[in-house]
Amino acid sequence: MTQTRGMGWTLFSRHAPARARAGVLAATACFWAIAAAAATRVPDASPLDSAAAGFKSYVLDQIARCLSATKNMRERIAAQDLAGAQRAWLAARGGWEGSEVITNEFFADLDRKIDAWPDAEKGFHAIEAKLFGAHDVKALPAAEELVNDLEDFDNQLRAATLTAQGLLNGSTKLAYEIGENKAEGGESPFSGNSLQEIRDNVASIAAAYARVFAPATKKRNAALAKTFTEDLGRMHALVSVASLQELDQAGLRTLSETLANDLVMIGRESGLERPGLGN
Amino acid sequence: MSLRLRRFGAKRKRFAAAFAALLGAAALTGTAGAEFGGNAGLLPAGSELGDEAFDRPLEIFRSESSGGRKSYLVKLGDVAFSSPLTLGGAARQAGISCNTCHVNATANPRLYIPGLSTRPGTFDTTGHLFNPKTDNGVLDPLTIPSLRGAHLLAPYGHDGRTLSLPDFVHNVIVNEFAGPEPSQEVLDAIVAYIEDVDFVPNRRLGPGGKLTGPLADAEKRGEALFYKPFAHDPALSCAGCHVPTGAFVDHRQHDVGSGGLFKTPTLLDANFNAPYFHDGRYTSYAQVVNHFDRVFYLGLSARDRDDLVAYLRAIGDAEQALVPDNIEARIMEISDFISVLDTALPEHNATVAALTLDTVDREVRELTEQFPERKNSAVTGGTQERARARGALKDLVLSLREIAGAAQNGRFDEAAAALVRSRAILAAARPLLEAGEPWSLFNRQIHDAHFAAVRRLYRSAVDPALAPRQRYDAD
């Protein structure tokens, strides 16, 4: 598939071809003209789509893990076992956060139900508030609904075709989201699971890159591939602290944006459109 | 006149402190008897920063009021004032800047940090959290003062201990908030910014601080009482210390029976600066008047007290002190901040460039959160418009990162070129933001629905067995 590069490409990356960079510096007055002038090499994205389709097995494993744990959580809630339900909730979140490169991008409606925020009635966070905040296992209706929604998600995922463009969009959005403010507890403040969820997000980005984008990127722009791997390693190290309180908030934001920009460049090198970041 | 607004901190995931406060702080701390605990966050559970307010203080700059424009130094000062990087320790980590307490250079009557506040709008600058080296072992919080008109209000500090505003600002940064030693340029800039922020206009005040225009009888009588010598000591009067010809201050410290020597506070804009007295012990003018009546044996009648309150309300008023937050104001602020780079990049000033870009990055990320994401179940409609607005702002953030990377590595020409591109992205984003505004938190209905949902979620997280007495409830 041949695509015309989007007008909004980042032109000043560390890894932009020297020719393109020189062209950009010579013509600062007109952004659109610069963008158009820089649209040169356009690789075929079809092999990437094949790789993206193959990535489904990885995500199916994550969702299977999530669904299994969620069913267990439902049983523990029904059995009035608070600690067991809490453990199951945490296990379920691992699978869900490990799938986030695709959840919003490909299944936005289900994502809105499963991972709703703020919502006291349904979804992971409503149950989290009950189990971890109120220490209350009266969450069976929400747990039942969550199981149903995840089964629906699993079915829809099996029927879906994952595309390289979609995975690029999802990975870039997720890289950006990692840098959002965590100063007051993060996404899952009641359970204290936010830091682990960031780690799971990073792992899902790394998996998508390794399985879909890395081979072509290494071939087309080895320096970019090396930089992304290094930046990913820095992110791994940064989120390896023991607690959210120890997390370098400013560093996390900077690195999340660096990773997102890396992914923009990776998409460009792969002949894909600039990732849309709206959600 | 420029209408400027500012909030702080990203929204979606910053509710923990604010709403745990509303609910008695149990949600994020209560782990007794449970196997797992929550993320208490970086501030004490129960902290309230007031960042869900819909209206924001009006910010008026003297330079613009006089027909000019804000200087580079004022804009840089605004950037530094808004940046957590100016401070250190827990403040920086928690994303707190000068502007968090002094919202648009005014006060923050909602701010409450357990262990450092005794009531909303007060804060102990010698507590353990923000700089253990200043911890004096006493909970002695002070009200957060408005900085409007600060150029007329020396000396500084409630006790007036510091004559120089630069010295005072330096102490706040380095000692009270454990910040790094500021460069002379940044310190000068913060002072320039503070000194450029004016009182909001009060058309009822004429020359010499006299009330003008149609006056109520109570206001006329109150003004006369204000100038009237105290019965027991004719050398004293209200106007003797709150000098109407001099911004209602005398630049001196007095013992008015509040526990020590404290400087005379201005009465300008005072309607918007409650609570009153250095420790915020009074929430109304009536309480203040009663205090003086009691301490100075004024022998005021009930009508006298009402008259003085009417007068204080008249001189402490303004045509407009708060304005709704909106996209126009946000873009203006971001553009102002970005304009600092027009000087910093040609000068190869990497420090100022980094500070500016970090601040703009935070502001744009925070603006993004004004457009609820699709998974926000409290908001329906405008899904595409919200997504486009969020996407455009994220593109802007990523372009800012490109500028920062180039400047950090000394590639200033490249950074300048990237700046051109960022401005183009900002310009292109504007119609998308405007299209998304009806479904954004700038819309009162959406704002209220969103925060009501947040409250419901946090209420559902309260363990009745662990919940302490509720302090107050915004509902």
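Residues numbered from 1 in each chain as written. Chains lettered and ligands numbered in written order. Predicted model: local features only at pLDDT ≥ 70, side-chain atom pairs only at ≥ 80, totals over all residues.

Peer 1: Requested: an account of the confidence of the model for chain B, with residues and values cited.
Peer 2: Residue and element names in this part refer to chain B. Per-residue confidence for chain B gives a mean pLDDT of 90, with 89% of residues at or over 70. Predicted confidence for residues 1–35 stays below pLDDT 50, and this span has 134 contacts to residues more than four positions away or in other chains. Every residue in residues 469–475 is under pLDDT 50, and counting partners more than four places away or in other chains gives six contacts. Among the scores for the predicted complex, ipTM is 0.87 and pTM is 0.88. (pLDDT = per-residue confidence, 0-100. Contact = placed C-beta atoms within 7 Å.)

Peer 1: Summarise helix α12 (residues 327–339) of chain B; cite the residues concerned and give the values.
Peer 2: Residues and elements named next belong to chain B. Over its 13 residues, α12 runs 18 Å from end to end, which matches the ideal 18 Å to within 8%, given 1.5 Å per residue. Within α12, burial applies to R330, E333, I334, F337 and I338. One side of α12 holds all its buried residues, which, seen down the axis, span an arc of 135°. Residues of α12 that are buried make contact with α3 (72–81), α13 (341–344), α14 (350–368) and α16 (412–436). (Helix = DSSP H or I, 4+ residues; strand = E, 2+ residues; numbered from the N terminus. Expected span 1.5 Å × (residues − 1). Buried ≥ 20, exposed ≤ 12 C-beta atoms within 10 Å, placed from the backbone. Arc of directions from axis to C-beta.)

Peer 1: How would you sum up the environment of A:A214? Please name residues and give values.
Peer 2: All names here are of chain A. By the secondary structure assignment, A214 is in helix α11 (residues 194–220). When the C-alpha atoms of A214 and L162 are compared, they prove to be 17 Å apart, with 52 residues separating the residues in sequence. Apart from residues no more than four positions distant in its own chain, A214 is found in contact with Y209 and A225.

Peer 1: Before we move on, could you go through helix α15 (residues 383–408) of chain B and cite the residues and values that matter?
Peer 2: All names here are of chain B. The terminal C-alpha atoms of α15 lie 37 Å apart, and with 26 residues this matches the ideal 38 Å at 1.5 Å per residue to within 8%. Burial analysis of α15 places 23 of its 26 residues in the buried class, the great majority of the element. Just past α15, the residue G410 takes up positive phi, approximately 80°.

Peer 1: Describe in detail the confidence of the model for chain A, supporting the description with residues and values.
Peer 2: The predicted model of chain A has a mean per-residue pLDDT of 87, with 83% of residues at 70 or higher. This stretch, residues 1–41 of chain A, has a pLDDT under 50; its non-local contacts, to residues over four places away or in other chains, come to 70 contacts.

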